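# Analysis of the macromolecular model
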Amino acid sequence: MTYINTVDAALRAVADPTRRHILVLVRARELAAGEIAAHFPSMSRPAVSQHLKVLAEAGLVEVRREGTHRRYRARPEGLVGIRAFLDEMWRDRLDLLREAAETEARDVAAGRRPVIRPRRRMQ
Amino acid sequence: MSGPAVGSGGGTPGGDPASEGDGVLERSLRIAAPPETVWQYWVDPGRMTQWWGVSAELEARPGGTCRVAMAQGPVMEGEFVEVVPHERLVFTFGWTTPPPGGTPVPPASTRVEVTLVPDGDGTLLTLRHHGLPADQVGEHTEGWSHFLGVLAGTAAG
């Protein structure tokens with residue numbers, strides 16, 4: 001389940017509007033931390049750095065160190081991998097949903113199963 | 001890998017994806033069951049756990065809990081946003097695996113939109129999963145052209 005943790009981290013990362021904005025900024029070009037921070041003048045540098053850290057840990061940006069500076073760029077594999085994972089998840093789940101619903105419809109049509117109210121299931 | 005679809009639903013098992021290059025994750029499939037039946041598989045925990053999760057808590061009303069626990073531990077946690085019985089369901093989607101001994105952080109929220117359209121005796125189901133990272137930076141979005149313009153106007157690094 002390591003990859004679900006990665007996907008979870010990425011979904012949390014993009015839940016924040018500042019981090020979404022950062023991702024767009026570094027989508028096609030590499031930017032230094034200071035250049036990124038300049039887009040958020042009302043935010044402290046440590047706050048911007050924290051957002052960059054979250055994005056890096058979620059695998060959504062690459063960090064390149066140049067001396068004492070850090071430069072950031074969106075990591076395409078991070079974006080593509082997450083989409084592929086969820087696409088496959090939904091493909092598999094919807095296939096099972098279809099089988100279950102179609103079995104029920106056939107059973108009802110054949111009189112093998114009555115049309116019933118939904119069962120309650122308390123969790 | 002799933003086997004061939006059973007029944008007269010036809011089409012690709014698990015549905016067909018939308019065309020590539022579109023930021024939103026989308027899948028459509030035809031189900032040989034009426035919308036009223038298919039709907040129950042989204043809002044009735046006893047039916048949902050036949051295709052997703054080992055236990056579920058579903059309060060199908062705006063603001064209601066939408067929670068699906070997976071066998072391996074992760075819990076999908078969200079909230080229903082729109083509920084139009086037999087037609088349309090929108091819920092937020094994020095995962096939370098309770099960290100060992102740690103303070104739970106609210107899960108991320110992306111958005112899943114499910115529409116059911118009658119199709120003869122069956123149902124055409126379309127699922128769209130909005131807000132994924134690729135969606136956020138998709139080149140098709142309006143915001144992208146704006147940012148391209150902004151980048152072009154700024155001095156090179």
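All figures in this text were calculated on a predicted structure; none of them were measured in a lab.

The subject of this paragraph is the sheet that holds strand β2 (residues 61–66) of chain A. All names here are of chain A. The sheet built from 3 strands is open, its strands ordered β1-β3-β2 with antiparallel pairing. The open sheet terminates on both sides in strands that have one partner only, identified here as β1 (31–32) and β2. One ladder, built from 2 bridges, connects β1 with strand β3 (residues 69–74); its direction is antiparallel. By the bridge assignment, Leu-31 is partnered in β3 with Tyr-72.

The geometry of helix α5 (residues 76–109) of chain A relative to helix α1 (residues 35–43) of chain B is characterised by a closest axis approach of 10 Å and an angle of 130 degrees between their N-to-C directions. The angle between α5(A) and α1(B) falls in the class oblique. With respect to the hand of their crossing, α5(A) and α1(B) are arranged in right-handed fashion. Here A:Leu97, A:Ala100, A:Ala101, A:Glu104 and A:Ala105 of α5(A) lie close against α1(B), whose contacting residues are B:Thr37, B:Val38 and B:Tyr41. Of the residues in the contact of α5(A) with α1(B), the class split is 6 nonpolar, 1 polar and 1 charged.

This part takes up the pairing of β3(A). Residues and elements named next belong to chain A. With 6 bridges joining them, β2 and β3 adopt antiparallel strand pairing. Note on β3: the bridge partner recorded for Glu-66 is His-69. Taken together, β2 and the strand that follows it, β3, pair antiparallel across an intervening segment of 2 residues, in which Gly-67 is found at a positive phi of about 65 degrees.

What counts, and where the lines are drawn
Residues numbered from 1 in each chain as written. Chains lettered and ligands numbered in written order. Predicted model: local features only at pLDDT ≥ 70, side-chain atom pairs only at ≥ 80, totals over all residues. Pairing = 2+ DSSP bridges. Helix = DSSP H or I, 4+ residues; strand = E, 2+ residues; numbered from the N terminus. Axes fitted to C-alpha atoms, helices over the stretch in contact; angles between N-to-C directions. Parallel < 35°, antiparallel > 145°, perpendicular 65-115°, else oblique. Left-handed = near helix turned anticlockwise from the far one by under 90°. Contact = placed C-beta atoms within 7 Å. Nonpolar A, V, L, I, M, F, W, Y, C, P; charged D, E, K, R; others polar.

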